[in-house]
Amino acid sequence: MAGTARRRKATDVKIEFQDYYERLGVTREASADEIQRAYRKLARRYHPDVNKEPEAEQRFKSITEAYEVLKDPEKRRRYDELGENWDRISPEDFERYAAGAKQGRQSHRFSQFFRGGQGTGGGGGFSDFFEAFFGPGAQFTGSSYGADGPEWSMRGQDVEAELAVSLEESHHGGRRSFELSTGPQGRTQQYTVTIPKGVTDGNRIRLAGQGSPGLGQGEPGDLWLVVKLQKHPRFRPLKGHDLETHVSLQPWEAALGATVRVPTLSGSAELKVPTGVASGQKLRLRGQGLSKKSGGAGDLIVVLDIWLPKELGAKERELYEQLKEHSKALPPGRLS
């Protein structure tokens, strides 16, 4: 059993002092919230419904005893008074403290909590120290662990996992099944998620009740899926719901202007290219980006690239030679 042991005679029974603060891993100055958090963390780890190791149930009883005392302001006050003066307290004073703790608390025996007394000491579910100080009939204010199974309850933990989502799924929405390893044993389970339109990087999708199982009668936690947009061969997500793509132009299209078809997530759209555009220039197609949750869509930013063939036919070379002879314009930064 965890805790510091010091033996002191109270009446005719040797009592083993229990350090409840050490048992929960908190200081004597710990707040009620700190004590509760420490208990819940340990209870999730050692509860018999989750942990099947031989020592788990005994450890669970031990920390539950500590929490039962430290969560109750009056019990904690009595315990602190006793603990601070343990070496100097007389058996008569100890009996007086115990008698005061026993009064008016006979409604629920701790032995019932642990299925009839497989406890940490004495005939009840908790230690001799607890029985002597607070009385064998002390009222347990927590949940019970009855003969028909656990009634002790704690909500299961939420689980968070990354969900890779394609741009098409983000744009159109969809439904997908996937496998994920969750729970204390790490078993792989299959889940189905509905991906709403308009999700972007960092958005969270909640699958209620699909997280870690609860303890006892506790409800399971939730599964939270964090969206991670996958790389796309043609489109790059920008801030918000805007997308970026590249489109190549023939040299004469860049010089004379043109109307070209641009691929989009929904198919294609027409883009009017003005005269005299340069390579790297950006044009905007409004409403052709990712769908938004509230309706509508972001914009598609089109980056223009001037394309030249690697090999020229005879006629093409002749025309380029003519252009070279007749054109007097120089690109910016060129001296000759």
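Residues numbered from 1 in each chain as written. Predicted model: local features only at pLDDT ≥ 70, side-chain atom pairs only at ≥ 80, totals over all residues. Heavy atoms only, no water.

Attention shifts here to the pairing of strand β17 (residues 300–306). Along β17, five of the seven residues are buried, which leaves the element largely enclosed by surrounding structure. Taken together, the seven bridges between strand β13 (residues 243–249) and β17 define a ladder with parallel strand orientation. Counted as the bridge partner of Ser248 is Asp305 from β17. Pairing analysis gives four bridges linking strand β16 (residues 282–285) to β17, with the strands arranged antiparallel. (Buried < 20%, exposed > 50% of the residue type's maximum accessible area, 1.4 Å probe, protein only. Helix = DSSP H or I, 4+ residues; strand = E, 2+ residues; numbered from the N terminus. Pairing = 2+ DSSP bridges.)

With that settled, the discussion passes to the environment of Pro237. The topology assignment puts Pro237 in strand β12 (residues 236–237). Sequence separation between Pro237 and Gly289 is 52 residues, and the spatial gap between their C-alpha atoms is 8.8 Å. Apart from the residues lying within four places of it in its own chain, the contact partners of Pro237 are Leu167, Leu229, Asp242 and Leu243. (Contact = heavy atoms within 4.5 Å.)

Turning to the sheet that holds β17, a few remarks are in order. Spatially, the four strands line up as an open sheet ordered β12-β13-β17-β16, and their pairing is mixed. Looking at the sheet topology across the chains shown, the edges are occupied by β12 and β16.

Bringing helix α3 (residues 56–70) into the picture now. For α3, built from 15 residues, the straight-helix expectation of 21 Å at 1.5 Å per residue is met to within 8% by its first-to-last C-alpha distance of 21 Å. Burial of α3 is extensive: 12 of the 15 residues sit out of reach of the surface. Taken together, the buried positions of α3 are Ala56, Phe60, Lys61, Ser62, Ile63, Thr64, Glu65, Ala66, Tyr67, Glu68, Val69 and Leu70. (Expected span 1.5 Å × (residues − 1).)

The next thing to look at is the sheet that holds strand β9 (residues 204–207). Strand order in the open sheet formed by three strands is β6-β11-β9, and the pairing between neighbours is mixed. Of all the strands in the sheet, the pair left with one neighbour each is β6 (159–165) and β9. Across the sheet, the mean angle from the axis of one strand to that of its neighbour is 30 degrees, orientation sign disregarded. Pairing of β9 with strand β11 (residues 223–229) involves four bridges; the strand directions are antiparallel. (Axes fitted to C-alpha atoms, helices over the stretch in contact; angles between N-to-C directions.)

So, on to the packing of aromatic side chains. On inspection of all chains with the given rule, the structure shows two aromatic pairs. Taken together, a centroid distance of 5.7 Å and an interplanar angle of 25 degrees make the contact between Phe178 and Tyr191 stacked. Taken together, the positions of Phe178 in strand β7 (residues 174–182) and Tyr191 in strand β8 (residues 187–195) put the pair 13 residues apart, joining distant regions of the chain. In this structure, Arg204 packs its charged tip against the face of Trp224, placed 4.5 Å from the ring centre. (Phe/Tyr/Trp six-rings, centres within 6.5 Å; stacked < 30°, edge-to-face > 60°. Lys NZ or Arg CZ within 6 Å of the ring centre and 35° of its normal.)

A few words now on the environment of Thr200. Relative to the helices and strands, Thr200 resides in the loop between β8 and β9. Sequence spacing of Thr200 and Leu290 is 90 residues, and the spatial spacing of their C-alpha atoms is 8.9 Å. Apart from the residues lying within four places of it in its own chain, the contact partners of Thr200 are Val227, Leu229, Gly240, His241 and Leu290.

Our next topic: the nonpolar core. Ranked by internal contacts, the top residues of the largest apolar core, which has 36 residues, are Val193, Leu225, Val262, Leu271, Val302 and Leu304. Ignoring any residue separated from it by four or fewer positions in sequence, one finds Leu225 in contact with Ala161, Leu163, Phe178, Val193, Asn203, Arg204, Ile205 and Leu207. Of all hydrophobic cores here, the second largest spans 20 residues; its members include Val26, Ile35, Ala38 and Tyr79. (Core = buried A, V, L, I, M, F, W, Y, C linked by side-chain atoms within 4.5 Å.)

Side chains that differ in charge, positive against negative, can pair when their charged atoms come close. Per the counting criterion, the structure on display carries 18 salt bridges. Notably, a salt bridge pairs Arg284 with Asp299, separated by 2.9 Å at the nearest N-O pair. Of this pair, Arg284 sits in strand β16 while Asp299 sits in the loop between β16 and β17; the two residues are 15 residues apart in sequence, bridging distant segments of the chain. Judged by relative accessible area, which is 43%, Arg284 ranks as partly exposed. Through salt bridges with shared partners, a single network forms among Glu68, Lys71, Asp72 and Lys75. (Salt bridge = Lys/Arg side-chain N within 4 Å of Asp/Glu carboxyl O.)

Next up on the list: the packing of helix α2 (residues 32–46) against α3. For the pair α2 and α3, the least separation of the axes is 9 Å and the interaxial angle reads 165 degrees. Taken together, the axes of α2 and α3 lie roughly antiparallel to each other. Crossing angle aside, the handedness with which α2 passes α3 is left-handed. Mapping the contact onto sequence places Ile35, Gln36, Tyr39, Leu42, Ala43 and Tyr46 in α2 and Ala56, Glu57, Arg59, Phe60, Ile63, Thr64, Tyr67 and Leu70 in α3. In terms of residue class, the contact of α2 with α3 is built from 10 nonpolar, two polar and two charged. (Parallel < 35°, antiparallel > 145°, perpendicular 65-115°, else oblique. Left-handed = near helix turned anticlockwise from the far one by under 90°. Nonpolar A, V, L, I, M, F, W, Y, C, P; charged D, E, K, R; others polar.)

A few words now on α2. In a regular helix each residue adds 1.5 Å, so 15 residues correspond to 21 Å; α2 covers 21 Å between its end C-alpha atoms and thus fits that length. Taken as a whole, α2 has its buried residues at Ile35, Ala38, Tyr39, Leu42, Ala43 and Tyr46. All buried residues of α2 lie within an arc of 130 degrees about the axis, which places them on one face of the element. Along α2, exposed side chains directed more than 90 degrees from the buried face belong to Arg37, Lys41 and Arg45. (Arc of directions from axis to C-beta.)

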